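Listed here are the chains, written in short residue letters.
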Amino acid sequence: MTKKEADFDLIVLGAGSAGLGLALFMAKADMRVLLIDRTAQDVGGDCLNHGCVPSKALIHASRQVHQARQATQFGLQVSGAADMAQVMDYVQSRQAIIRHHENPDYLREQGVTVEIGTPKFVGEHEVEINGRTYRGRKLAVATGSRPKQLQLPGAERVQLYDNQHVWDLRHLPARLLVVGGGPNSVELGQAMQRLGSQVTIVHHGPRLLEHEDATISQVLEERLRAEGLTIHCNAEVVSFSSATHARVQPKEGAEFGLDFDIGYVAIGREVRFEGLQLEKAGIEVDEDGHIKLDEHLTTTNPDIVVAGDAANSLKFSHGAELHMRLLVFNFFSPIKKQLDYDHFSWVTFTDPEVAHFGLDEPELKKRARATSGGKPTSPTTTGLWLMSTATAGCCCSSRKTCSPSPARNAGFWVAPWWLPAPAS
Ligand SMILES: Cc1cc2nc3c(=O)[nH]c(=O)nc-3n(C[C@H](O)[C@H](O)[C@H](O)COP(=O)(O)OP(=O)(O)OC[C@H]3O[C@@H](n4cnc5c(N)ncnc54)[C@H](O)[C@@H]3O)c2cc1C
């Protein structure tokens with residue numbers, strides 16, 4: 001396809017962290033860009049609407065409440081629970097700030113063509129939306145991910161929320177059941193406990209935050225328990241016998257019952273591409289429904305790439321930005337860069353916060369074994385786990401709400417790891 005034939009230099013499906021970054025950069029570079037999302041409200045994607053921004057605003061509100069309670073030692077009288085309606089008003093006010101720059105009108109002012117609707121591929125370079133067909137020289141799938149659903153007997157009678165809808169809450173639940181033990185669960189669980197709910201976390205794995213070092217999980221778990229959360233690891237919610245009663249099966253021991261008012265489900269995220277007709281564009285998927293990608297994020301159609309959560313690797317906003325930077329570089333450079341997560345970092349915004357930089361110990365050991373062919377390796381310090389009581393933190397560099405703040409109560413718990421040199 002020659003440039004002359006193409007309606008657009010780039011068509012981007014999905015206006016979340018990945019799609020927005022890609023579309024705006026390419027438009028600034030004077031490319032003709034079409035950006036598509038399902039509704040105008042969806043522009044900004046999960047990060048703005050259902051993820052980083054509302055969750056970090058909720059955490060901020062809960063910290064204020066927590067700190068006020070701690071000030072009772074100075075004679076301040078604080079009691080009761082927070083007013084959830086006001087907390088959510090605050091959350092929405094933070095989202096509104098970012099929406100000024102993440103909406104169709106603003107994007108159009110920046111030179112991006114925006115179409116709202118449900119797109120589908122109708123050819124190797126063609127997308128159909130709202131009855132019109134657009135051709136792109138290059139195309140990008142940036143349609144994000146969604147929360148996995150809890151499909152259990154009795155679930156239909158329970159008020160179950162996930163990260164898409166929990167921001168609609170107007171009343172603080174007296175008892176909140178959180179299902180899952182990853183970052184999303186522990187961040188929200190601690191925030192809700194601090195706001196005044198009695199939170200119980202049920203997690204099927206052996207410990208919270210399984211992607212972090214076991215010592216980190218232990219410290220965090222102790223801290224959460226000290227704040228009043230109840231935590232059941234190695235346990236699964238197996239059914240709901242009423243709207244407010246769950247049955248829980250531990251890996252060892254007898255099934256038990258658990259009373260709650262509402263449930264929050266954060267058991268992982270999945271990527272799905274229903275309705276996109278990937279096959280019409282020559283995009284192959286594997287047996288799990290994930291798009292087959294090479295190390296440049298290119299699909300089996302050399303002119304179609306994937307960015308952000310849709311690539312089904314590390315699901316973070318700054319992961320989407322990393323993809324975006326790689327793709328932009330590769331669009332313009334004759335020498336192609338490969339995707340590399342070796343220096344990737346992330347933070348779980350609990351208190352204490354948990355930061356992860358670079359490769360972890362098991363991965364380093366695996367690589368050392370692979371490269372040394374079983375021969376001794378020399379000691380190498382390559383990464384850091386960091387846990388801090390500080391309020392400092394940044395969830396993603398591009399967000400106004402997430403700028404780092406000076407550390408208060410700074411106390412660091414840092415554990416460098418290294419590959420020990422085996423005895424010669
Ligand atoms: C509770 C929570 C907290 C989080 N906190 C953080 C954090 O602190 N820091 C961090 O870095 N990350 C965080 N994340 C992760 C972050 O939100 C995601 O990794 C990021 O939003 C992914 O961006 P994306 O562009 O790939 O997808 P999305 O932001 O989900 O955007 C995808 C877009 O595609 C659109 N779309 C979907 N299907 C179609 C279709 N068929 N046609 C057209 N458009 C479509 C959607 O409407 C959406 O707007 C959090 C996630 C959650 C759930």
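Residues numbered from 1 in each chain as written. Predicted model: local features only at pLDDT ≥ 70, side-chain atom pairs only at ≥ 80, totals over all residues.

Peer 1: Sorry if this is basic, but what is going on with helix α4 (residues 84-99) here?
Peer 2: Think of an α-helix as turning once every 3.6 residues; residues three or four places apart then point the same way. Helix length check: α4 (16 residues) gives 22 Å between terminal C-alpha atoms against 22 Å at 1.5 Å per residue, within 8%. By the burial criterion, the buried members of α4 are Val87, Met88, Val91, Arg94 and Ile98. Angularly, the buried residues of α4 cover 115° about the axis, an arc narrow enough to put them on a single face. Exposed side chains of α4 directed beyond 90 degrees from the buried face belong to Ala85, Gln86, Asp89, Ser93 and Ala96. On its buried face, α4 sits against α2 (45-49), α3 (52-70) and α6 (183-195). (Helix = DSSP H or I, 4+ residues; strand = E, 2+ residues; numbered from the N terminus. Expected span 1.5 Å × (residues − 1). Buried ≥ 20, exposed ≤ 12 C-beta atoms within 10 Å, placed from the backbone. Arc of directions from axis to C-beta. Contact = placed C-beta atoms within 7 Å.)

Peer 1: Which parts of the structure should I look at to understand the site of the ligand?
Peer 2: Contacts to the ligand come from 36 residues, most closely from Gly14, Gly16, Gly45, Gly144 and Gly308. For the shell around the ligand, a count of residues per class yields 14 nonpolar, 15 polar and seven charged. (Near = placed C-beta within 6 Å. Nonpolar A, V, L, I, M, F, W, Y, C, P; charged D, E, K, R; others polar.)

Peer 1: Before we go on, may I ask you to explain α3 in this structure?
Peer 2: For α3, with 19 residues, the first-to-last C-alpha span of 26 Å sits near the 27 Å given by 1.5 Å per residue. All buried positions along α3 are accounted for by Cys52, Val53, Pro54, Ser55, Lys56, Ala57, Leu58, Ile59, Ala61 and Ser62. Taken together, the buried residues of α3 touch α2, α4, α6 and α8 (317-332).

Peer 1: When you look at the environment of valine 87 in this model, what are you seeing that I'm missing?
Peer 2: Within the secondary structure layout, valine 87 lies in helix α4. Valine 87 sits 30 residues away from alanine 57 along the chain, and the two C-alpha atoms are 8.9 Å apart.

Peer 1: So what exactly am I meant to see when it comes to the packing of α3 against α6 here?
Peer 2: Interhelical geometry of α3 versus α6 gives an angle of 35° and a closest axis separation of 8 Å. Here the hand of the crossing between α3 and α6 comes out left-handed. Here Ser55, Leu58, Ile59, Ser62, Val65 and His66 of α3 come into contact with α6, specifically with Glu187, Leu188, Ala191, Arg194 and Leu195. (Axes fitted to C-alpha atoms, helices over the stretch in contact; angles between N-to-C directions. Left-handed = near helix turned anticlockwise from the far one by under 90°.)

Peer 1: Got a minute to help me understand the sheet that holds strand β14 (residues 256-259) in this structure?
Peer 2: Strand pairing in a sheet is mediated by backbone hydrogen bonds. Such pairs are either parallel or antiparallel. In spatial order, the strands read β12-β13-β14; together these three strands make up an open sheet with antiparallel pairing. Either end of the sheet is taken by a strand with one partner, and the two such strands are β12 (235-242) and β14. Between one strand axis and the next, the sheet turns by 35° as a mean value, whatever way the strands run. Relative to strand β13 (residues 245-250), β12 runs antiparallel, the two sharing six bridges. Bridging across to β13, serine 242 finds its partner in histidine 245. (Pairing = 2+ DSSP bridges.)

Peer 1: Can you help me understand the confidence of the model for the protein in this one?
Peer 2: Regions with low pLDDT carry predicted coordinates that are not meant to be interpreted in detail. Per-residue confidence for the protein gives a mean pLDDT of 88, with 86% of residues at or over 70. This stretch, residues 1-5, has a pLDDT under 50; its non-local contacts, to residues over four places away or in other chains, come to five contacts. (pLDDT = per-residue confidence, 0-100.)

Peer 1: What is the right way to read the sheet that holds strand β15 (residues 262-265) from this model?
Peer 2: Reading across the sheet, the five strands line up as β8-β15-β9-β10-β11 and stay open at both edges, with parallel pairing between neighbours. This sheet does not close on itself; its edge strands, each paired only once, are β8 (160-161) and β11 (230-232). Judged from the three bridges that link them, strand β10 (residues 198-202) and β11 form a sheet pairing that is parallel. Counterpart to valine 202 in the pairing with β11 is histidine 232.

Peer 1: When you look at the packing of helix α1 (residues 17-28) against α8 in this model, what are you seeing that I'm missing?
Peer 2: Helix packing geometry: the angle between the two helix axes and the distance between the axes. Taken N-terminus to C-terminus, the directions of α1 and α8 make an angle of 35°; their axes are 8 Å apart at the nearest point. For the pair α1 and α8, the sense of crossing is right-handed. Residues Ser17, Ala18, Gly21, Leu22 and Phe25 of α1 touch α8, and the partners they reach there are Ser317, Ala320, Glu321, His323, Met324, Leu327 and Val328. When the residues that make up the contact of α1 with α8 are grouped by side-chain class, the tally is seven nonpolar, four polar and one charged.

Peer 1: I tried to follow the environment of glutamate 295 on my own but got confused; where do I start?
Peer 2: With respect to the secondary-structure elements, glutamate 295 resides in the loop between β16 (269-270) and β17 (304-306). Residue glutamate 295 is classed as exposed on the basis of its C-beta count, with 11 C-beta atoms lying within 10 Å. Separated by 45 residues in the primary sequence, glutamate 295 and aspartate 340 place their C-alpha atoms 8.5 Å from one another. What glutamate 295 contacts, discounting residues up to four positions off in sequence, is Gln338 and Leu339.

Peer 1: I'm lost on the nonpolar core in this one. Help?
Peer 2: Side chains that are nonpolar tend, in soluble globular proteins, to be buried together. Ranked by size, the top nonpolar core spans 48 residues in total, and within it Leu58, Leu176, Leu177, Val178, Leu220 and Tyr264 carry the most contacts. For this core, the element with the most residues is α3, which contributes six residues. Counting the residues that make up this core, at least three belong to each of domain 2 (155-267) and domain 3 (345-418). Apart from residues lying up to four places away in sequence, leucine 176 is in contact with Met192, Ser197, Val199, Phe260, Asp261, Ile262 and Tyr264. Ranked by size, the runner-up nonpolar core spans 46 residues in total, among them Leu20, Val141, Val305 and Ala310. (Core = buried A, V, L, I, M, F, W, Y, C linked by C-beta atoms within 7 Å. Domains from an automatic or database assignment.)

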